[in-house]
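Spelled out, the chains give:
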Amino acid sequence: MLDHFRMFADYNNWANRRLYAAAAELPDSELRQSTGAFFGSVLATLNHILAADRIWMKRFTGEGDAPTVLDAMLHDDLAGLTGAREREDARMITWLDGLDEARLAAKFTYTPLSNPVSITQTLGPTLAHVFNHQTHHRGQVHATLTALGRPSVVLDLAFFLRAEGEKWAG
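Residues numbered from 1 in each chain as written. Predicted model: local features only at pLDDT ≥ 70, side-chain atom pairs only at ≥ 80, totals over all residues. Heavy atoms only, no water.

In the nomenclature of an unreviewed UniProt entry, the protein chain is known as Damage-inducible protein DinB of Ensifer adhaerens.

Dropping the structure here:
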């Protein structure tokens, strides 16, 4: 499972770079335009993904800055958000490189923001949630981009495996 999660960390880094490049093509008004996605705009949704990743990484590692709300606007500009996203993706990749199967199978305890009760879970399935969460909200950004009349961004894992993920494709 550890290699599976390492592949997903590499995939997320690749997909995030592609999505941020597409977002960079938007004028500021469209970047901030609410189109009905859960967090409203492209900028707000990208901020949410980063906020959630920081929250989970703080829970997993005990280190780093983590917002206290899920709709935190960590960066009001795409350039600042892009740099922060790149650093967080690198952090996740480095952290996963240091994990072993025992740690992946171990339990950890955290307190959700939405319901402050102590939760104990196994790291592996929770890590699967983190990667699934990124994919879910990247899909919302993708839908928002196409609703704004922008080209569809290819984000499929299979495309990643053919394009840049050769080491994972076997």
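A. Broad picture of the layout of surface pockets. Reported here for the largest pocket is a volume of approximately 180 Å³. Forming the walls of the largest pocket are His48, Ala52, Ile55, Trp56, Arg59, Leu70, Tyr110, Pro112, Leu113, Ser114, His129 and His133. Of all elements in the fold, only helix 3 (42-61) and helix 6 (123-147) reach the threshold of two or more residues within the lining of the largest pocket. (1 Å grid on protein atoms, 1.4 Å probe; cavity = no way out; pocket = protein on both sides within 12 Å on 5 of 7 lines; lining within 4 Å. Points joined across faces, edges and corners; volume = space filled by probe spheres on them. Helix = DSSP H or I, 4+ residues; strand = E, 2+ residues; numbered from the N terminus.)

B. Representation of the nonpolar core. Ranked by size, the top nonpolar core spans 43 residues in total, and within it Leu46 and Phe60 carry the most contacts. When residues of this core are traced back to their parent elements, those giving at least two are helix 1 (2-23), helix 3, helix 4 (78-97), strand 1 (107-110) and helix 6. Top contributing element to this core by residue count: helix 1, with 12 residues. Dropping the residues within four chain positions of it, leucine 46 is found in contact with Leu19, Tyr20, Ala23, Leu78, Leu81 and Val141. (Core = buried A, V, L, I, M, F, W, Y, C linked by side-chain atoms within 4.5 Å. Buried < 20%, exposed > 50% of the residue type's maximum accessible area, 1.4 Å probe, protein only. Contact = heavy atoms within 4.5 Å.)

C. The packing of aromatic side chains, seen in detail. Throughout the structure, instances matching the rule amount to 13 aromatic pairs. Ring geometry for phenylalanine 8 versus phenylalanine 131: centroids 6.0 Å apart, planes at 25°, classification stacked. Within this pair, whereas phenylalanine 8 is found in helix 1, its partner phenylalanine 131 is found in helix 6, the two being separated by 123 residues in sequence. Ring centres of phenylalanine 38 and phenylalanine 39 lie 4.9 Å apart, and the angle between their planes is 70°; this geometry places the pair in the edge-to-face category. Here phenylalanine 38 falls in the exposed class, since its relative accessible area comes to 67%. Site record: aromatic cluster; members linked through ring pairs are Phe5, Phe8, Tyr11, Trp14, Phe131, Phe159 and Phe160. Lying across the ring of tryptophan 56, arginine 59 places its NZ or CZ 4.4 Å from the centre. (Phe/Tyr/Trp six-rings, centres within 6.5 Å; stacked < 30°, edge-to-face > 60°. Lys NZ or Arg CZ within 6 Å of the ring centre and 35° of its normal.)

D. Inspection of the packing of helix 3 against helix 4 at higher detail. Two elements in contact, helix 3 and helix 4, have axes separated by 10 Å at closest approach and are oriented at 30°. When the interaxial angle is binned, helix 3 and helix 4 end up roughly parallel. Between helix 3 and helix 4 the crossing geometry is left-handed. Across the interface between the two elements, Leu43, Leu46, Asn47, Ile49, Leu50, Asp53, Arg54, Met57, Lys58, Phe60 and Thr61 of helix 3 pack against Leu78, Leu81, Ala84, Arg85, Glu88, Arg91, Met92 and Trp95 of helix 4. Grouping the amino acids of the contact of helix 3 with helix 4 by side-chain chemistry returns 11 nonpolar, 2 polar and 6 charged. (Axes fitted to C-alpha atoms, helices over the stretch in contact; angles between N-to-C directions. Parallel < 35°, antiparallel > 145°, perpendicular 65-115°, else oblique. Left-handed = near helix turned anticlockwise from the far one by under 90°. Nonpolar A, V, L, I, M, F, W, Y, C, P; charged D, E, K, R; others polar.)

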